[in-house]
Amino acid sequence: MSRNLRKVAVITLFPEMFRAISDSGITRRALEQGLLELTLINPREFSSDKHQTVDDRPYGGGPGMVMRVGPLALAVEHACERLNVRREQAWVIYLSPQGQRLGKAKVDELANADTESCQQNLILVAGRYEGIDERFIQRYVDEELSIGDYVLSGGELPAMVLLDALIRKLPGALGDELSAQQDSFETGLLDCPHYTRPEKVGEDEVPAVLMSGDHKRIELWRLQQSLGRTWLRRPDLLEALALTELEQKLLDEFISQHNG
Ligand SMILES: c1cc(-c2cnc[nH]2)ccn1
């Protein structure tokens, strides 16, 4: 019987940034409910000099600074103590532009880690500066993950993206379990359009089907809109899906209406 992810430690020079998930919304409620245990560890506490240095100039010259092995290594070891696990019972993820792209499959894998899996206990490393000493990566990092091909100021926002995606997958995190299934990408399709009051915005009215009260028609319309949007905006996602006969019929109808 698989048990979901339970404990995450984040190694970060800016722990205060993680108030964005601990202090609001679904993630705050999940943490308060104890669905997940989040521990923030600042590597500066493990520096060896009175200036609490965690970085140094790069060998070979070049711009910027590089994070040193020492404080990061001690921070990982401390994280294992705080998670009450041995090193081999934890999974260390370094958020970096050099990592594998974070997608639905990886989120699902981490969120549904089996009871015996070391991925039950995650240690996320959020780097800063030009990067971290390669020897830390070789000795302590199990996996590098990227949220996209752009450089950010640090790994904190990517770590929060991963945490938010993981927490939403935990049983009980979403009040209305159904909304998890309807979340884009849970079905493999993009989400349908949504509307709420007022009925008219300028000359724009709500699609009549949504005002009909005919729940079956509304369900079909929403599915057709998801299929059509995915066809228009992310055909790559569509290629990965085996559509049912009904879905193919709805999509064909959408395409012929689109092409007029
Ligand atoms: C993950 C990490 C990063 C990143 C970390 N530090 C600067 N950029 C960018 C994209 N995905």
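Further up the page is the structure itself.
Residues numbered from 1 in each chain as written. Predicted model: local features only at pLDDT ≥ 70, side-chain atom pairs only at ≥ 80, totals over all residues. Heavy atoms only, no water.

Visitor: Hey, could you run me through the overall build of the protein chain in this one?
Guide: A count of helical and extended segments in the protein chain gives 10 helices and 9 strands. Across its three principal axes, the protein chain shows a C-alpha extent of roughly 70 × 45 × 40 Å. Taking all 260 residues of the protein chain together, 41% fall into the buried category. Within the protein chain, residue pairs in contact and separated by at least 24 positions form 77% of the contacts whose partners lie at least 6 positions apart. Here the protein chain displays about 15,000 Å² of accessible surface, and carbon together with sulfur accounts for 49% of that area. One way to put it: in the protein chain the 30 positive side-chain charges average out to a point 4 Å from where the 41 negative ones average out. (Helix = DSSP H or I, 4+ residues; strand = E, 2+ residues; numbered from the N terminus. Buried < 20%, exposed > 50% of the residue type's maximum accessible area, 1.4 Å probe, protein only. Contact = heavy atoms within 4.5 Å. Areas by Shrake-Rupley, 256 points an atom, 1.4 Å probe, with all protein chains shown as cover. Lys, Arg positive; Asp, Glu negative; His and termini not counted. Charge placed at Lys NZ, Arg CZ, Asp CG, Glu CD.)

Visitor: I tried to follow helix α6 (residues 156–167) on my own but got confused; where do I start?
Guide: Given a rise of 1.5 Å per residue, 12 residues ought to cover 16 Å, and the 16 Å separating the end C-alpha atoms of α6 matches this to within 8%. Restricting attention to buried positions, one finds in α6 the residues E156, P158, A159, M160, L162, L163, L166 and I167. (Expected span 1.5 Å × (residues − 1).)

Visitor: Mind showing me how you'd approach helix α10 (residues 245–258) here?
Guide: Think of an α-helix as turning once every 3.6 residues; residues three or four places apart then point the same way. Between the first and last C-alpha of α10 there are 20 Å, a value that for 14 residues agrees with the 20 Å anticipated at 1.5 Å per step. Of the residues making up α10, those classed as buried are E247, L250, L251, F254 and I255. All buried residues of α10 lie within an arc of 135° about the axis, which places them on one face of the element. When the buried face of α10 is taken as reference, the exposed residues oriented beyond 90 degrees from it are E245, K249 and Q257. Structurally, α10 contributes buried residues whose contacts are with α8 (215–233) and α9 (235–239). Trailing α10 by a residue or two, G260 shows a phi angle of about 65°, which is positive. (Arc of directions from axis to C-beta.)

Visitor: Is there a simple way to think about the pattern of salt bridges in this case?
Guide: When their charged atoms lie close together, side chains carrying opposite charge are able to pair. Tallied over the entire structure, the rule returns 15 salt bridges. Across the pair R135 and D133 runs a salt bridge whose closest N-O atoms are separated by 2.6 Å. Its relative accessible area of 45% is what places R135 among the partly exposed residues. Classification of D133 as buried rests on a relative accessible area of 15%. For D236, the salt bridge goes to R234, with nearest N and O atoms at 2.8 Å. Overall, the relative accessible area of 31% leaves R234 in the partly exposed class. When salt bridges with common partners are traced through the structure, they connect K104, D108, K169 and E186 into a single cluster. (Salt bridge = Lys/Arg side-chain N within 4 Å of Asp/Glu carboxyl O.)

Visitor: Just checking my understanding: could you explain the site of the ligand for this structure?
Guide: Close to the ligand lie 13 residues; S146, I147, Y150, L152 and G154 are nearest. Note that a nitrogen atom of the ligand is positioned 2.9 Å from one of the backbone N or O atoms of L152. Relative to its unbound accessible surface of 290 Å², the ligand loses 93% to contact with the protein. Taken together, the elements giving at least two residues each to the shell around the ligand come down to β5 (91–101) and β7 (143–146). Looking at the shell around the ligand, the element that brings in the most residues is β5, giving 3 residues. (Near = heavy atom within 4 Å. Polar contact = N/O pair within 3.5 Å; in protein donor to acceptor, adjacent residues only side chain to side chain.)

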